[in-house]
Amino acid sequence: AQRVTQPEKLLSVFKGAPVELKCNYSYSGSPELFWYVQYSRQRLQLLLRHISRESIKGFTADLNKGETSFHLKKPFAQEEDSAMYYCALSGFGNEKLTFGTGTRLTIIP
Amino acid sequence: DVKVTQSSRYLVKRTGEKVFLECVQDMDHENMFWYRQDPGLGLRLIYFSYDVKMKEKGDIPEGYSVSREKKERFSLILESASTNQTSMYLCASSFVGGKYGYTFGSGTRLTVV
């Protein structure tokens, strides 16, 4: 079975401070990890994928297989980063995405 | 450039009614999915389809069924709506393999009274 854990339901960070949203997963095979974001009154959208090793809107995430983690990081928070963030996992060859329970990030001006 | 369209943004239905939620995508994606989104529970997969007329149960299929007669359209059916099915319903689609991620619709907020 595949499982995603986001331990923080709410996270508040001051503008300009570093941000880290935690994500841990459980999967016996080789996972594919994603971060999705939902801004207020907008649809859920893909933020980044671990396989592409990209940085989107200043966010990065590194897959740590030893710690089974895929934490999302940004060095300097901006007010427009306030949103709901979901970590998600799919197994190799598995079409289904399993989502975590989400973290609501609030950036304090 | 809306790519995944859900027919209704808000719906209010009575207990016991049969409810249809429609989703259409214009990206020629093979896979389509229905999730429900509840506070504190995240997104939970109800059903998905990887081809026309093909479907597989997700994690919470009880009380739901689906229909996919055309590649671009995926319908979620609540056979007899109950109050515990009050939720936000999200449709999504993806290419085979899913590695490029899902594209989501804007959601249908269903209230069952």
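Since the model is a prediction, treat every value here as computed from it, not as a measurement.

Looking now at the layout of surface pockets. Taken as a whole, the largest pocket holds about 460 Å³ of empty space. What lines the largest pocket is a set of 24 residues, among which A:Gln38, A:Met84, A:Arg104, B:Gln37 and B:Arg109 lie closest to the centre. Breaking the lining of the largest pocket down by element, the ones donating at least two residues are β9 (83–91) and β11 (103–108) of chain A together with β4 (31–38) and β9 (87–94) of chain B. The class makeup of the residues in the lining of the largest pocket is 8 nonpolar, 11 polar and 5 charged. Empty space within the second largest pocket amounts to approximately 300 Å³. What lines the second largest pocket is a set of 16 residues, and nearest its centre among them are A:Gln2, A:Arg3, A:Val4, A:Thr98 and A:Phe99. Partitioning the lining of the second largest pocket into residue classes produces 6 nonpolar, 6 polar and 4 charged.

The next thing to look at is the state of the cysteines. In protein structure, a disulfide is the covalent linkage between the sulfur atoms of two cysteines. All names here are of chain B. Applying the stated criterion across every chain, the model contains 2 disulfides over all chains. Note that Cys 23 is cross-linked by a disulfide to Cys 91, the S-S spacing being 1.9 Å. Taking the torsion about the S-S bond as the criterion, the Cys 23 to Cys 91 disulfide, at about -80°, is left-handed. Of the two residues, Cys 23 is situated in strand β3 (residues 19–25) and Cys 91 in strand β9; the sequence distance between them amounts to 68 residues.

Another point: the interface of chain B and chain A. Each partner contributes to the interface: chain B provides 24 residues, whereas chain A provides 17 residues. Across the interface of chain B and chain A, roughly 1800 Å² is buried in total on both sides, 53% from carbon and sulfur atoms. Linking chain B to chain A there are 7 residue pairs in polar contact (both at pLDDT 80 or more). For the side of chain B that touches chain A, the elements supplying multiple residues, two or more each, are β4 and β5 (42–51) of chain B. Of the residues assigned to the side of chain B that touches chain A, the class counts are 14 nonpolar, 9 polar and 1 charged.

We describe a pair of aromatic rings using the distance from one ring centre to the other and the angle between the two ring planes. Applying the stated criterion across every chain yields a total of 14 aromatic pairs over all chains. Feature note: the residues A:Phe34, A:Tyr36, A:Tyr86, A:Phe99, B:Phe33, B:Tyr35, B:Phe48, B:Tyr102 and B:Phe104 constitute an aromatic cluster, connected by ring pairs. A cation over a ring is seen here: B:Arg9 above B:Tyr10, with NZ or CZ 5.7 Å from the ring centre.

Rules behind the numbers
Residues numbered from 1 in each chain as written. Chains lettered and ligands numbered in written order. Predicted model: local features only at pLDDT ≥ 70, side-chain atom pairs only at ≥ 80, totals over all residues. Heavy atoms only, no water. 1 Å grid on protein atoms, 1.4 Å probe; cavity = no way out; pocket = protein on both sides within 12 Å on 5 of 7 lines; lining within 4 Å. Points joined across faces, edges and corners; volume = space filled by probe spheres on them. Helix = DSSP H or I, 4+ residues; strand = E, 2+ residues; numbered from the N terminus. Nonpolar A, V, L, I, M, F, W, Y, C, P; charged D, E, K, R; others polar. Disulfide = S-S within 2.5 Å. Contact = heavy atoms within 4.5 Å. Buried area = accessible area lost by both parts, 1.4 Å probe. Polar contact = N/O pair within 3.5 Å; in protein donor to acceptor, adjacent residues only side chain to side chain. Phe/Tyr/Trp six-rings, centres within 6.5 Å; stacked < 30°, edge-to-face > 60°. Lys NZ or Arg CZ within 6 Å of the ring centre and 35° of its normal.

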